[in-house]
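Fold and geometry: a report
Below, each chain spelled out in residue letters.
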Amino acid sequence: MKSQYRPYDLEEQVQQRWTEQCAFRAVEDPGRRKFYCLAMFPYPSGRLHMGHVRNYTISDVIARYQRMRGLNVLQPMGWDAFGLPAENAAIENGVPPARWTRENIAAMRRQLQRLGYAYDWQRELDTSRPTYYRWEQWLFTRLLKRGLVYRKETVVNWDPVDQTVLANEQVIDGRGWRSGAPVERRRVPQWFLRITAYTEELLAGLDKLPGWPEAVRTMQRNWIGRSEGVDIEFEVAGAEQPLTVFTTRPDTLMGATNLALAPEHPLVQEAARDQPELQEFLKECQRGGVAESALRTMEKKGLPLRRHALHPITGERLPLWVANFVLMTYGTGAVMSVPAHDQRDWEFAKSHDLPIRPVVFPTDKEPNFEEGAYTEPGRLRNSGPFDNMTSSRAGAAIIKRLEQEKRGRKRINYRLHDWGISRQRYWGCPIPILYDAAGHPRPVPTEDLPVRLPEHLTPDGHRSPLVDCEEFLSVNTQDTATRRETDTFDTFFESSWYYARFCCPDSDTTMLDERVRYWLPVNQYVGGVEHAVLHLLYARFFHRLLRDEGLVDGDEPFTHLLTQGMVLKDGAKMSKSRGNTVDPDDLIQRYGADTVRLYMMFTAPPEQSLEWSDSAVEGANRFLRRLWRRVWEHVQEGPMPGRPSSNTLLNQEQRDLRRCIHQTIAKADDDIGRRYTFNTAIAAVMELLNALSKRKNRHSPEDRALNQEGLETCVLLLAPIVPHLSEVLWNELGKEGMVIDAAWPRPDPQALLKESLELVIQVNGKLRARIQVATNATEEEARAAALSDRKVQHALHGGTPKRFIFVPGRLLNIVLPPTTESPP
RNA sequence: GCCCGGGUGGUGGAAUUGGUAGACACAACGGACUUAAAAUCCGUCGGCGAAAUGUCGCCAUGCCGGUUCAAGUCCGGCCCCGGGCACCA
């Protein structure tokens, strides 16, 4: 064994041994318990960044830990290969997205391999290959048959100069990112997936996911946004159809003073026909992007329609307004405006001089409606027959009356709306639809799938090159009138089912085969918090689609979810688009992959964001060098001793060290297996190594045996985190075989026993002394010991304790009666 | 604007169920070794005050208030930072 730790050759040799043995090949074995560990697969953006390294290291540590615990582990890796950045690169460099993507995949695969992740590379998949995307085209046609796909018009960001649809990301301050032209909203027909058919199930399922972070479940719940309320119909003067609004506050109906409609609402469009200033306003509303954040932060503006509706109970005339803050996509695209009890309505009323009519009052105070709306429930006034009722009773009474008069009905409204999956982009999976001469759509017959994306095209920043690609557009030479759909799928489509395809990536006769029934669900999914809603909700939706297609069992795709925090640099997310990435290759070159992995896991707990620091990497490397040195010194002392067989022959100091070893095992197991706090597990091993380092001069057979046990423990506990170094040290410690096949250690209960412990003594909640007591000391014994302690007596000032609070094994708090001491 | 997180020494963080605030590191400083440097090893390291040897007291977990024998942890109100908001992935 060399005296110095040199990671460079060591890591390559260990990786070679793993490869030769096909060490991470996952094979279905019904006789063994499986563990499917998955990290969110990367978009091949070019190079790995530290966010990737963090993500994949966390997942790898869990996978290797579960393997050492004896489970049959599957950990695959693949590429989310379709997406916008490939088109941007093409525009900039003139390189076809296919080539750019494949080159990136090759580079990033090499980087991942250098980091020593325990992947089954035979299962690698690339979503931009027809072998993958043909199955989502197949699924799409199945869903079409089941009525879960439909076409409707929606608004997109339109760049009038570049003549192209823009992603929200490409809209900067309401302007196109390349042209700088003000972005317009344009209506285009798009394909939708009926995710709303599964709303209640997706919502209820959240309660059955105890392995998911509460924050993610809350976000999904809020995203789905179930709210119970009532549809109220208002008769509109001169219109055949009544105007329907949705409200969750029927108790405030008597306080409604106007109705506000979204700019896209049909009644508004109709009114605009003969009102030029309204047309002008709507044109203004067309400007700016379609992102909800943009809509919500706009200055609240509105215009009267010069029409009115009738209040369903009083018959009063309520003016109709168009308001830019009313969203056509939520509810009915129209709201009843109750300025006294809704803050947004209040602000709108104030700026447009509309009346404020308070009808709900708290019982304990009189709100000032000049300062703002009163939005809490209360007791009704100014409400005719509903006066003096509470909000909940009044709401029920108003609903009952509206229902009797057929002017309203209870309804549950959701914020969640159907998933628009069409993208006017080239580098994506073609939507398998054909249009006849009249423009009527029909699905591509199953036997004609896949619809292959021509890979030689290069987008130029204007419309999708598919639109001009005759070879793609025409189905066959006989039928020139039939044209292909040129839109491609949202790339979330690919990432919604890849976790299942990893079970059988080579299946070429079905989308998923029987192997999914062994591996699914994913036991541990690891990925960024930024995916808490969209990706994770779509995957849950897809799993149900696949289930109803008979392809998978169970309702949920991921049993446990770990959402890692961002890797930040200079306070901002480390990402390619921000250009503040750190390349892991430089660090691996200098310190080795193990140091990079250790640094990532030690610097912060996985769920927290991690502020990047170059200097802290040094410390991680130093620890590994120290561990190497300790093993080297131990090896130099002579042949490997056995482990100590029991505690009986050990002296007090040796028993303390042995307890430290086994406490470290217990803590590391809990930290890695239950808490996912890898940083504290590493700190515990560092403490153990410090304890071992302090006893360099102990060479008795018992001490050698203890050192052996201590060092073996360090190596085993670190094996999931620094796997290369651990393999080598494992063999240097005289162990046969590979550490990946070694069993995860278990603490020896006998070694953990303690005869005495430190008890904290507080006086009035302040720490005053620490005393040693027997482990099983009673409260009486603890009190007696505490009261005879010099420091405690000093702190008591001769006072008589009023009560004692005893927390066994932790503390004794002595409470004195309040002093009548006069201030100095 | 709405939803979800976070805020603890010079820095990253620890404190797991309301029970010893600052584990483990980084940086810095002092020392040993060395011709020198690197590496390594030893020590100091929240603030203020009193001691001068082990000490002792007070303050301190973004801010203000509350509950409790006891609050970084629970409750109410605020401030700041990060993530998401349906076409970035």
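Here goes a summary of the coordinates provided.

In this section: the sheet that holds strand E28 (residues 572-573). Pairing is mixed in the open sheet, where 3 strands are placed in the order E28-E27-E29. At either end of the open sheet lies a strand with only one pairing partner, and these are E28 and strand E29 (610-611). Both strand E27 (residues 567-569) and E28 contribute to a ladder of 2 bridges, which runs antiparallel. Paired with Leu 568 across the two strands is Lys 573, which belongs to E28.

Within strand E11 (residues 243-247), 4 of the 5 residues are buried, leaving the element largely enclosed by the surrounding structure. Examined bridge by bridge, strand E10 (residues 227-236) and E11 share 5 bridges and lie antiparallel to one another. Looking across to E11, one finds that Asp 231 is bridged to Phe 246.

A separate point is the pattern of salt bridges. Scanning all chains against the criterion turns up 62 salt bridges. Among the salt bridges present, the one from Arg 658 reaches Glu 709, with a minimum N-O distance of 3.0 Å. Of this pair, Arg 658 sits in helix H21 (residues 652-675) while Glu 709 sits in helix H23 (residues 701-718), and the two are 51 residues apart along the sequence. We classify Arg 658 as buried; its relative accessible area is 3%. The shortest N-O distance in the salt bridge between Arg 658 and Asp 748 comes to 3.3 Å. Here Asp 748 lies in the loop between helix H24 (723-732) and helix H25 (749-752) and Arg 658 lies in helix H21, a separation of 90 residues in the sequence.

In total, this model carries 2 cavities of 30 Å³ or more according to the counting rule given. Put simply, the largest cavity is a space of about 170 Å³. Around the largest cavity, the lining comprises 20 residues; the ones closest to its centre are Ile 91, Thr 164, Arg 425, Gly 461 and His 462. Those elements that provide at least two residues to the lining of the largest cavity are helix H3 (84-93) and strand E6 (164-166). At 4 residues, the largest contribution of residues to the lining of the largest cavity is made by H3. Looking at the lining of the largest cavity residue by residue, the classes come out as 8 nonpolar, 7 polar and 5 charged. In this model, the second largest cavity occupies a volume close to 40 Å³. Residue lining of the second largest cavity: Arg 64, Met 68, Ala 719, Pro 720, Pro 723, Glu 727, Val 739 and Ile 740, and that is the complete set. Sorting the residues of the lining of the second largest cavity by element identifies helix H2 (50-68) and H24 as the ones contributing at least two each. In terms of residue class, the lining of the second largest cavity is made up of 6 nonpolar, no polar and 2 charged.

Let's shift gears to the side chain of Arg 54. Topologically, Arg 54 is positioned in helix H2. Buried charge without a partner: Arg 54 forms no salt bridge, and the closest opposite charge is Glu 607, 9.1 Å away. Not counting chain neighbours up to four residues away, the residues in contact with Arg 54 comprise Gln 564, Gly 565, Met 566, Val 567, Met 600, Ala 604, Pro 605, Pro 606, Gln 608, Ser 609 and Leu 610.

In space, the 4 strands of this open sheet follow the order E2-E1-E25-E26, with parallel pairing throughout. Strand pairing shows two members of the sheet lacking a second neighbour, strand E2 (72-74) and strand E26 (558-564), which therefore form its edges. Strand after strand, the sheet turns through a mean of 20° between neighbouring axes, direction not considered. In terms of strand pairing, strand E1 (residues 34-39) meets strand E25 (residues 522-528) through 3 bridges, oriented parallel. The residue of E25 that forms the bridge with Leu 38 is Tyr 525. Docked against the sheet, H2 engages E1, E2, E25 and E26, running at close to 175° with respect to E1.

Before going further, it helps to examine the layout of surface pockets. Put simply, the second largest pocket is a space of about 460 Å³. Taken together, 20 residues make up the lining of the second largest pocket; nearest its centre are Gln 424, Val 467, Glu 485, Thr 486 and Asp 487. Looking at the lining of the second largest pocket, the element that brings in the most residues is strand E9 (residues 184-193), giving 3 residues. Its residues assigned to classes, the lining of the second largest pocket shows 7 nonpolar, 6 polar and 7 charged.

Once that is clear, we can look at the packing of helix H19 (residues 593-603) against helix H20 (residues 615-636). One way to put it is that H19 packs onto H20 with a least axis distance of 9 Å and a crossing angle of 115°. Along this stretch, H19 crosses H20, giving a crossing that reads as right-handed. For the pair H19 and H20, contact is made by Asp 594, Thr 595, Leu 598 and Tyr 599 and by Ala 616, Val 617, Ala 620, Asn 621, Phe 623 and Leu 624, respectively. Residue composition of the contact of H19 with H20, by class: 7 nonpolar, 2 polar and 1 charged.

In the vicinity of RNA strand B lie 74 residues, with Asn 168, Arg 423, Lys 667, Arg 770 and Asn 813 positioned nearest. Sugar and phosphate atoms represent 60% of those atoms of RNA strand B found within 4 Å of the protein. In this structure, a sugar or linking oxygen belonging to RNA strand B sits 2.7 Å away from a side-chain N or O atom of Asn 222. Within the side chain of Arg 425, one N or O atom sits 2.6 Å away from a base oxygen of RNA strand B. In terms of residues, the surface near RNA strand B owes the most to one element, helix H22 (residues 678-693), which gives 6 residues. The class makeup of the residues in the surface near RNA strand B is 24 nonpolar, 24 polar and 26 charged.

Thresholds, definitions, all that
- Residues numbered from 1 in each chain as written.
- Chains lettered and ligands numbered in written order.
- Predicted model: local features only at pLDDT ≥ 70, side-chain atom pairs only at ≥ 80, totals over all residues.
- Heavy atoms only, no water.
- Pairing = 2+ DSSP bridges.
- Helix = DSSP H or I, 4+ residues; strand = E, 2+ residues; numbered from the N terminus.
- Buried < 20%, exposed > 50% of the residue type's maximum accessible area, 1.4 Å probe, protein only.
- Salt bridge = Lys/Arg side-chain N within 4 Å of Asp/Glu carboxyl O.
- 1 Å grid on protein atoms, 1.4 Å probe; cavity = no way out; pocket = protein on both sides within 12 Å on 5 of 7 lines; lining within 4 Å.
- Points joined across faces, edges and corners; volume = space filled by probe spheres on them.
- Nonpolar A, V, L, I, M, F, W, Y, C, P; charged D, E, K, R; others polar.
- Lys, Arg positive; Asp, Glu negative; His and termini not counted.
- Contact = heavy atoms within 4.5 Å.
- Axes fitted to C-alpha atoms, helices over the stretch in contact; angles between N-to-C directions.
- Left-handed = near helix turned anticlockwise from the far one by under 90°.
- Near = heavy atom within 4 Å.
- Polar contact = N/O pair within 3.5 Å; in protein donor to acceptor, adjacent residues only side chain to side chain.

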